[in-house]
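Analysis of the macromolecular model
Chain residues, written in single-letter form:
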Amino acid sequence: MKNLIGDIDLLDGNEALATHVLPDYKTGQSRKLYIESYGCQMNFSDSEIVASILRKEGFDTTSDISQADVVFLNTCSIRDKAEQTVRNRLAQIQSLKKHKPEIMVGVLGCMAERLKTKLLEEERIVDLVAGPDAYRDLPKLVAQVDDGSKAVNTFLSREETYGDITPVRLNSNGVTAFISIMRGCDNMCSFCVVPLTRGRERSRDPHSIVKEASELFALGYREVTLLGQNVDSYKWSAAENNKARLEKTDARDFVNFAGLLAMVAEVNPDLRVRFSTSHPKDITEDVLVTMARYENICKNIHLPVQSGNSRIIELMNRGYSREWYLGKVKVIRQILGNDCGISSDMIVGFCSETDAEHRDTLTLMDEVQYDFAYMFFYSERPGTPAAKKFTDDVTEEVKQRRLEEVISKQREHSLQRNRLDIGKTHRVLIEGASKRSAAQMQGRTSSNKVVVFPAGTRSRGTYVNIRIHDCTAATLLGQVEGE
Ligand code: SAM
Ligand code: SF4
């Protein structure tokens, strides 16, 4: 099972705990900050904002925890396993603190927001707790701990977007970068803790987004991914960036997601634009038509379905049915064609899900033929609507079996979808050396498939036409056209 998952880059509830450590950045500052980030790309992006804020306060970053003066864990609460991993890590850091008692330990992100001061009581080692909207306050919080007290700020803002802060791009390959375009989420998917930990939805000023994209292009970057929990819900006006408040006004001169996509695509035709995540109920035809209009907007949509059964989708409060979702996929295919990549998230074993309802997820997968999927078993999160209203009554054993079924189904589909590319030529943006061999390079197609090909003399950050001659479920293999 583990091999299967590793082989095809599919993630189950245990594998999805990606961890990132910000690398060394030495400018001769007096103190050293170590940040370890868990969970989603949004957290990795936030850690770069934190590093940027603290750099101005005299901090370099280190990737060696034993060298650090301050250790931050930027945490995830999406599944119970994610929180347990952080607690285990804190126990390890405890032994480090025995040898170096002056080290400061902070917990940032979703777990900080969810547990607030309780975290200080439960984890004695923690000195500082800061929620996702409190990062501008970190210099003050660090100073407070320096003065001998514990420090907490878990205030959730209705406006904060960190729009004016340029993140330090420490984890970058110099070719692709993430740009956060909004924060929070106004949906109430019943299983999800995000609205509780990241607050109300706010959209970032589009001019600051375009400025960041232009600066990245000037630095040699050739691809940006616009990030948000629900990017299609993006809505900004000069007077108001809070979605709920903006909806109550009669403002006409607002920018929506289709408008933002076009603005970023106009930065340069050689700058590729991607985005994630799309909520099926919010993605509009306007967005699909804008994607079709610009060659440099990548033809790939992450469109999480969560379940293929309408009763379960309704219990999840997702705002669509199986048929409606399939209709949306049809429109995507009509406007963007069969080559457009479509990926998904699936949760198996949600409260009261029967075997027959689980099979509906498998048949929906057959109908859509996803290129890729992240698959999880349901993990009840305290305080969510599902935890309050429903019983987590599907056994671990059944959840595990259903997860294995969706993973092996997805494996078949990934392979089938990749096989369709054999014999085709794709424009690939080169990201660097292949992970497996320095004699090969790798990049991605517009539809977000990884392509591996012989290195030759090409350099990363350039485009090359690759003819595909073979594939696995995870990778396309090809040759530079004409060679
Ligand atoms: N905002 C995005 C969306 O709506 O698709 C993604 C949010 S979440 C960070 C990523 C994925 O985690 C979700 O799409 C869902 O499949 C999964 N997830 C969220 N809550 C979960 C839970 N309680 N148990 C298992 N998986 C969960
Ligand atoms: Fe969670 Fe739903 Fe918001 Fe995604 S759209 S972050 S799943 S509440």
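Presented here is a report on the structure given in the accompanying data block. (Residues numbered from 1 in each chain as written. Chains lettered and ligands numbered in written order. Predicted model: local features only at pLDDT ≥ 70, side-chain atom pairs only at ≥ 80, totals over all residues. Heavy atoms only, no water.)

**Here's the deal with the site of ligand 2**
Close contacts around ligand 2 come from Cys185, Asn187, Cys189, Phe191, Cys192, Val194, Pro195, Gln229, His279 and Arg318, and that covers them all. Its residues assigned to classes, the shell around ligand 2 shows six nonpolar, three polar and one charged. (Near = heavy atom within 4 Å. Nonpolar A, V, L, I, M, F, W, Y, C, P; charged D, E, K, R; others polar.)

**Quick look at the nonpolar core**
One finds Ile181, Leu226 and Phe257 to be the most contacted residues of the largest nonpolar core, which totals 57 residues. With seven residues, the single largest contributor to this core is helix 10 (residues 257-265). With near-sequence residues (within four places) excluded, Phe257 lies in contact with Ile181, Leu226, Val231, Asp232, Tyr234, Phe275 and Val287. Ala51, Val70, Ala134 and Val142 belong to the second largest nonpolar core, which has 26 residues in total. (Core = buried A, V, L, I, M, F, W, Y, C linked by side-chain atoms within 4.5 Å. Buried < 20%, exposed > 50% of the residue type's maximum accessible area, 1.4 Å probe, protein only. Helix = DSSP H or I, 4+ residues; strand = E, 2+ residues; numbered from the N terminus. Contact = heavy atoms within 4.5 Å.)

**Some remarks on helix 10**
The buried fraction of helix 10 is high, at seven of nine residues. For helix 10, the set of buried residues is Phe257, Ala258, Leu260, Leu261, Ala262, Val264 and Ala265. Where helix 10 is buried, its residues meet helix 8 (206-218), strand 11 (223-227), strand 13 (255-256), strand 14 (272-276) and helix 11 (285-293). Measuring from the side-chain oxygen of the N-cap residue of helix 10 to the backbone nitrogen of Ala258 gives 3.3 Å; that N-cap residue is Asn256. (Polar contact = N/O pair within 3.5 Å; in protein donor to acceptor, adjacent residues only side chain to side chain.)

**Here's the deal with the pattern of salt bridges**
Going through the model one piece at a time under the given rule, you end up with 39 salt bridges. With its nearest N and O atoms 2.8 Å apart, the salt bridge here joins Arg87 to Glu122. In this pair, Arg87 is assigned in helix 3 (residues 80-99) and Glu122 in helix 5 (residues 118-122), connecting sequence segments 35 residues apart. Given the relative accessible area of 18%, Arg87 is considered buried. A salt bridge links Arg183 to Asp133, with the nearest nitrogen and oxygen atoms 3.6 Å apart. (Salt bridge = Lys/Arg side-chain N within 4 Å of Asp/Glu carboxyl O.)

**Describing the sheet that holds strand 16 (residues 341-348)**
On the basis of which strands lie adjacent, the open sheet formed by three strands has the order 15-16-17 and parallel pairing. Unpaired on one side and paired on the other, strand 15 (300-302) and strand 17 (372-377) mark the two borders of the sheet. Direction aside, neighbouring strands of the sheet carry axes that sit 10° apart on average. Taken together, the six bridges between strand 16 and strand 17 define a ladder with parallel strand orientation. Following the sheet pairing, Met346 is matched in strand 17 by Met375. Each of strand 16 and strand 17 is contacted by helix 16 (residues 396-419), which is oriented at about 175° to strand 17, the strand it contacts most. (Pairing = 2+ DSSP bridges. Axes fitted to C-alpha atoms, helices over the stretch in contact; angles between N-to-C directions.)

**Topic: the site of ligand 1**
Taken together, 15 residues lie near ligand 1, and Arg79, Gln229, Gln306, Asp345 and Ser379 sit nearest. One nitrogen or oxygen atom from the side chain of Asp345 is found 2.5 Å from an oxygen atom belonging to ligand 1. Here ligand 1 has 560 Å² of accessible area as a free molecule, and 90% of this is covered by the chains. When residues of the shell around ligand 1 are traced back to their parent elements, those giving at least two are strand 16 and strand 17. In terms of residue class, the shell around ligand 1 is made up of seven nonpolar, four polar and four charged. (Areas by Shrake-Rupley, 256 points an atom, 1.4 Å probe, with all protein chains shown as cover.)

Remember, this is a structural readout, not a statement about activity or role.
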